[in-house]
Structures are given as C-alpha cells and as structure tokens.
Amino acid sequence: MAETAPGTAKPLLEARGVVKRYGHVEALGGADFTVYPGEVVSLIGDNGAGKSTLVKILSGAVQRDGGELLLDGEEIHPKSPVDVQNLGIETVYQDLALAPELSASANLYLGRELMKPAPLGWFGALDNKRMLAEAMQNFTRLGVNLRDPRTAVANLSGGQRQSVAVARAAVWATKLIMLDEPTAALGVEQTRRVLDLIRRVSESGIAVVLISHNMPDVLAVSDRIEVLRLGKRVAQFTAGHVKSDDLISAMTGAATFEGTK
C-alpha cells in the first residue's frame, strides 16, 4: 500500500511495523500509524483490531515487542506514560481520570498544581487563586462553557466532564492529544460540543488522534482516517473523499483499498 503524506508536511508521530504479543496471541502484527502536525486523524477498526493496544503503546502504558516509534523523525523509547507526557503528548482515556470531588478548575491542574512561593524552610501552599484564573482563561480559549469552574466535576454533565478532560490535555500537550471514544454515551448536543472542542484544539496547532466507533463523528471532525484490521493498517483515507460504507468495508475486509483515498 502506497502512503501519501498530506501536502509536504513531515510526520509528527510515526509507528512503523509495531509488534505486540501477549503470550501466543499477537495483538499487533506489524502495525503502522502516522500523525501529521496540527491534523485530526481518526484511528478506527473493529473490536480486536488492535486499536487499544496501539494507543497504549503510543501513550507509554504498554511496551512494544518490535517495530519503531518516531517523534519528529527521531526514534523514541518511552518506558511510561510520564515519559510520553514529557514529550508533549497527552492521552484522554474513556474513564477520563478526573477527580469528581474536585472542581473543574482544580482538575485542570491535577498532579501539576501551582504553588505559592514559600519562605525558606517552609512548604508552599496551593495557589488556588492563580489556578482558578488560568483555568477560566483556558476554558474560554477552548470554548468550554461552564457556569462556574469552581463546581465539582461530580455535578457536571457527561459532556462537560469530557470537555474538562480534553481541555486539561490541551493545556499540557505541546504536540499531540489522543482521545479514546470521547463521544461515547453522549447526547447529540454534548457530542457536538466535544467535536467543536476537538476542532479548536487542532486549530491551535496541536494534533489530535481520535479513536472512535462512531462513523458520523469520525467523518465530521477528521482530516484523515487510518484503519486497523487484525493488527495491521489496511487503509488510509482523506475524510472529505470517503463515505461510511468505505470505512466499514475496510474495517471488515469486505473491500481492499490501495493507497490513500
């Protein structure tokens, strides 16, 4: 399968021939995946195609058994999610990893809290005022509409929680965000707002990887779409030139696609 890059851009992140085995089960059998700067690329595939395994490898949660990972053309060997975060890549999983008892603004800085300067020999205190002010600025910049960012996450709707999780990733990512099923179980209006947020993140220059089974969402927000089947990439598409039937055919193996469509 010939691979055609969009325009003259160089890949931001590449997976080349990635292999992952769990005992005698081969989850990835030489998977390829490419992300370009500032784009929204969707990774789709049927259950068992290897999407979750590939994303865990890209996020540093799982170690690959073979193949290469390259960031800006340089091979990387992340050993943990923290290693990947330090490279400017954030991941939002389906569980969102939010602290429900904390406010939306506090969740934006969860694990990265800002501290007030402390006198010599004393421990500093949390700078809640600064975190709230900066959180409000970031929510406004990203179009996240919250009545009060001091509201506990437990009291937010599903779409608002998802938006807070995506916004947190956007605040800390400098290169790429990976989103695992971000619109699952959301209503029509909540889904629209999350997709709008994904576009805003992309327009800010941060690339977005969307993992989803929702073909309308994929077609609505993606620049490109890559398809995994049985642990390998089997097709690539430009979103404006493909239909849901083409995607489903590639996912199921009902049709073979050569090159990038």
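We now turn to the structure provided with this report. (Residues numbered from 1 in each chain as written. Predicted model: local features only at pLDDT ≥ 70, side-chain atom pairs only at ≥ 80, totals over all residues. Heavy atoms only, no water.)

Moving on: the overall build of the protein chain. For the protein chain, the helix and strand inventory stands at eight helices and ten strands. What you see for the protein chain is a C-alpha radius of gyration of 19 Å, in line with the 18 Å of a compact globule of 261 residues. Seen along its three principal axes, the alpha-carbon backbone of the protein chain occupies a region of about 65 × 40 × 40 Å. Burial statistics for the protein chain: of 261 residues in total, 48% are counted as buried. Considering only residue pairs separated by 6 or more positions, the protein chain has 64% of its internal contacts joining residues 24 or more positions apart. On the protein chain, roughly 12900 Å² of surface is accessible, and the fraction owed to carbon and sulfur atoms is 52%. Taken together, the 28 basic and 30 acidic charged side chains of the protein chain have centroids lying 4 Å from each other. (Helix = DSSP H or I, 4+ residues; strand = E, 2+ residues; numbered from the N terminus. Rg over C-alpha atoms; globule rule 2.2 N^0.38 Å. Buried < 20%, exposed > 50% of the residue type's maximum accessible area, 1.4 Å probe, protein only. Contact = heavy atoms within 4.5 Å. Areas by Shrake-Rupley, 256 points an atom, 1.4 Å probe, with all protein chains shown as cover. Lys, Arg positive; Asp, Glu negative; His and termini not counted. Charge placed at Lys NZ, Arg CZ, Asp CG, Glu CD.)

Its identity is not glycine, yet A97 carries a phi of approximately 55°, on the positive side. Relative to the elements of secondary structure, A97 occurs in the loop between β6 (89-92) and α3 (104-108). Within the chain, L230 stands out as a residue other than glycine whose phi angle is a positive 55°. Since its relative accessible area comes to 69%, L230 is described here as exposed.

So, about the pattern of salt bridges. Side chains that differ in charge, positive against negative, can pair when their charged atoms come close. Under the definition given, this model contains 16 salt bridges. Taking the shortest distance from any N to any O, the salt bridge between R150 and D148 comes out at 3.0 Å. (Salt bridge = Lys/Arg side-chain N within 4 Å of Asp/Glu carboxyl O.)

Spatial strand order, β6-β7-β8-β3-β9-β10: six strands in an open sheet with mixed pairing. Looking at the sheet topology across the chains shown, the edges are occupied by β6 and β10 (232-238). Within the sheet, the average angular offset between the axes of one strand and its neighbour, ignoring direction, is 20°. Of the strand pairs in this sheet, strand β9 (residues 224-229) and β10 are connected by six bridges, and their pairing is antiparallel. Looking at β10, one finds that R229 is bridged to K232. Strands β3 (40-44), β6, β7 (176-180), β8 (207-211) and β9 of the sheet are contacted by helix α1 (residues 51-58), whose axis makes an angle of about 135° with β3. (Pairing = 2+ DSSP bridges. Axes fitted to C-alpha atoms, helices over the stretch in contact; angles between N-to-C directions.)

In spatial order, the strands read β2-β1-β4-β5; together these four strands make up an open sheet with antiparallel pairing. Pairing within the sheet leaves two strands with one partner each, and these edge strands are β2 (25-35) and β5 (74-75). Direction of pairing for strand β4 (residues 66-71) relative to β5: antiparallel, over a ladder of two bridges. Its bridge partner being in β5, L70 is matched across the sheet by E75.

Moving on, we come to the nonpolar core. Core analysis: the largest hydrophobic core is formed by 35 residues, its most contacted members being F139, I177, I198 and V201. Looking at this core, the elements with two or more residues in it are α3, α4 (128-142), α5 (158-172), β7, α6 (188-203) and β8. For this core, the element with the most residues is α5, which contributes six residues. Sequence-distant contacts of F139, that is, excluding residues within four places in its chain, are made with A104, S105, L108, V144, L146, P149, V164 and A167. Core analysis: the next-biggest nonpolar cluster, separate from the first, contains 27 residues, L13, V41, V55 and M178 among them. (Core = buried A, V, L, I, M, F, W, Y, C linked by side-chain atoms within 4.5 Å.)

Once that is clear, we can look at the packing of α5 against α6. Interaxial distance between α5 and α6 falls to 9 Å at its minimum, and their mutual angle equals 10°. With respect to α6, the axis of α5 lies roughly parallel. In contact with G158, G159, Q162, S163, V166, A167 and A170 of α5, α6 contributes Q190, V194, L197 and V201. For the contact of α5 with α6, the per-class residue count stands at six nonpolar, five polar and no charged. (Parallel < 35°, antiparallel > 145°, perpendicular 65-115°, else oblique. Nonpolar A, V, L, I, M, F, W, Y, C, P; charged D, E, K, R; others polar.)

Attention shifts here to α5. For α5, which comprises 15 residues, the first-to-last C-alpha distance of 22 Å matches the rise-based estimate of 21 Å (1.5 Å per residue) to within 8%. Along its buried surface, α5 packs onto β6, α3, α4, β7 and α6. (Expected span 1.5 Å × (residues − 1).)

The subject of this paragraph is the packing of aromatic side chains. A complete count under the given rule lists one aromatic pair for this structure. The interplanar angle of 90° and the centroid separation of 5.8 Å between the aromatic rings of Y109 and W172 together place this pair among those described as edge-to-face. With Y109 in the loop between α3 and α4 and W172 in helix α5, the pair connects residues that are 63 residues apart, well separated along the chain. Here the guanidinium or amino end of K20 rests over the ring plane of Y22, the centre of that ring lying 5.3 Å away. (Phe/Tyr/Trp six-rings, centres within 6.5 Å; stacked < 30°, edge-to-face > 60°. Lys NZ or Arg CZ within 6 Å of the ring centre and 35° of its normal.)

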